[in-house]
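Working through the structure, step by step
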Amino acid sequence: MMADSDRSGALPSSVEALVLAGSRPGGDAMADSRSISVKALIPVTGKAMLAHVTDALLGHRAIDKVHLLAQDFAPFWADSDTSGLESNPRVLAQTSGATIATSLDRVLDQDGTRYPMLITTADNVLLSAPMIDDFLSAAEDTDIAIAVVEKQVLLRRYPASRRTWLKLRGGQYSGANLFYFGSPKARQILRYWAEVEQDRKKGWKILTIFGPWLLFLAVTRMLTVDQLAARVGKKLGLTIRIVKMAQAEACIDVDKDSDLEMVEQILTARNEAGSA
């Protein structure tokens, strides 16, 4: 089971995407403080978060259909930034259930679901074509690929950014909210996802599910991130690849007000550079 981040240079010819755009149980503090019904509709540089993400996906040459997963689509269809998604033939609205994992599993089990599937979140506002290019080219020929950003890659560019880090031999990594399910076999990971998704900021907890020895090797930093992926993949019979993203922005999502401020600054600079 290989687990590396080498770029193959080729993109899959057609990929479906899925955007997690629902609300967590108990609501969201950022949305509540702005009297907005769902976090995905919080405006960033004047446009709803979800619209930034769907624009990046629908505008990418490798993306075919985009599935939206949320509990209630009425707020999206009523918002001027996202109302057009309702009639877009490339967008499929999928009503989510109690948990992300079970909702994903139901979507992936539907007749007509095609692989590979790129999965991201509505607060991944900085998603861009170069990120998608790099991730898809590195993920090809895997059952599962997971994007991460190494700590020094982020801090060299954004030293004030604060992330949650998984510390392993050879580096510290933050998740980048980009996942790739390359085959139906990948669905089995959702059983483990379901057990830890309520405590998603403690990434090491998923390792407890795979046995104390693997947990010991990880927490004592005896494994690199690629070795860890290979061991988990071997246990599950899957090819799992960790994709180390070159773009620091890949791990900057919008979880709090300071993230929103940083993302708006980055987008403003990106737009100004594009118009120069």
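Residues numbered from 1 in each chain as written. Predicted model: local features only at pLDDT ≥ 70, side-chain atom pairs only at ≥ 80, totals over all residues. Heavy atoms only, no water.

**Description of the layout of surface pockets**
To be explicit about the condition: Using a grid of 1 Å spacing that covers the protein atoms alone, one calls a set of points a cavity when a 1.4 Å probe fits there but cannot get out, and a pocket when the set is open and has protein on both sides within 12 Å along at least five of seven lines; lining residues are those with an atom within 4 Å of a point. Grid points are joined across faces, edges and corners, and a volume is the space filled by probe spheres set on the points. Runs of E in the DSSP output that reach at least two residues are strands. Runs of H or I that reach at least four are helices, and both are numbered from the N terminus. Gly is placed with the polar residues, together with every amino acid not listed as nonpolar (Ala, Val, Leu, Ile, Met, Phe, Trp, Tyr, Cys and Pro) or charged (Asp, Glu, Lys and Arg).
Taken as a whole, the second largest pocket spans an internal volume of roughly 150 Å³. Forming the boundary of the second largest pocket are Lys-47, His-52, Asp-55, Val-125, Leu-127, Leu-267, Arg-270 and Asn-271. Where the lining of the second largest pocket is concerned, the elements lending two or more residues are helix H2 (49-58) and helix H11 (257-275). Class assignment for the residues of the lining of the second largest pocket results in three nonpolar, two polar and three charged.

**Re the pairing of strand E10 (residues 240-244)**
Basically, it comes down to this: Per-residue accessibility, obtained with a 1.4 Å probe over protein chains only, is compared with the maximum for each type, and a residue is labelled buried under 20%, exposed over 50%, and partly exposed between these values. Here a strand pair is declared whenever DSSP counts at least two bridges between the two strands.
Within E10, four of the five residues are buried, which leaves it mostly tucked inside the rest of the structure. Looking at chain direction, strand E7 (residues 144-150) and E10 are connected through five bridges and run parallel. Across the sheet, residue Val-148 finds its bridge partner in E10, namely Lys-244.

**Considering the packing of aromatic side chains**
In plain terms, the rule: Centres within 6.5 Å make a pair out of two Phe, Tyr or Trp rings, where for Trp the six-membered ring is used; the pair is then stacked when the planes are under 30 degrees apart, edge-to-face when over 60, and tilted otherwise.
This structure, assessed with the given rule, holds three aromatic pairs. Consider the rings of Phe-73 and Phe-76, whose centres lie 5.9 Å apart with planes at 50°: the pair is tilted. Each of the two residues, Phe-73 as well as Phe-76, counts as buried. Ring geometry for Phe-73 against Trp-77: centres 5.4 Å apart, planes inclined by 15°, an arrangement best described as stacked. Among the residues examined, Phe-73 registers a relative accessible area of 9% and is labelled buried. Put simply, the rings of Phe-73, Phe-76 and Trp-77 pair up and form one aromatic cluster.

**So, helix H4 (residues 100-108)**
Inclusion rule: Each direction from the helix axis to a C-beta atom contributes to the arc, which is the arc of those directions.
Among the residues making up H4, those that are buried are Ala-101, Ser-103, Leu-104, Val-107 and Leu-108. An end-on view of H4 places all buried positions within 165° of arc, on one side of the element.

**Here's the deal with helix H5 (residues 129-139)**
Taken together, the buried positions of H5 are occupied by Met-131, Ile-132, Phe-135, Leu-136, Ser-137, Ala-138 and Ala-139. Of the residues trailing H5, Asp-141 is marked for its positive phi of about 70°.

**Quick word on the pattern of salt bridges**
Just so we agree on the cut-off: Salt bridge criterion: a side-chain nitrogen from Lys or Arg within 4 Å of a carboxyl oxygen from Asp or Glu.
Scanning the entire structure with this criterion turns up 15 salt bridges. Residues Asp-105 and Arg-187 are paired through a salt bridge, measuring 2.8 Å at the closest nitrogen-oxygen approach. Separated by 82 residues along the polypeptide, Asp-105 in helix H4 and Arg-187 in the loop between strand E9 (171-181) and helix H7 (189-196) bring together distant segments of the chain. Of the residues examined, Asp-105 reaches a relative accessible area of 26% and is grouped as partly exposed. By relative accessible area, Arg-187 is classed as partly exposed at 24%. Salt-bridge contacts for Arg-163 lead to Asp-259; the nearest nitrogen and oxygen are separated by 2.6 Å.

**Brief notes about the nonpolar core**
Keep this limit in mind: Side-chain atoms within 4.5 Å are what join buried Ala, Val, Leu, Ile, Met, Phe, Trp, Tyr and Cys residues into a set we call a nonpolar core. It only takes one pair of heavy atoms within 4.5 Å for two residues to be counted as in contact.
Grouped together as the largest cluster of nonpolar side chains are 62 residues, with contacts concentrated most on Leu-50, Leu-57, Phe-76, Leu-118, Phe-135 and Met-245. If one sorts the elements of this core by residue count, H2 sits on top with seven residues. For Phe-135, the contacting residues outside a window of four places in its chain are Leu-118, Ala-145, Ile-146, Ala-147, Leu-178, Phe-179, Tyr-180, Val-243 and Met-245.

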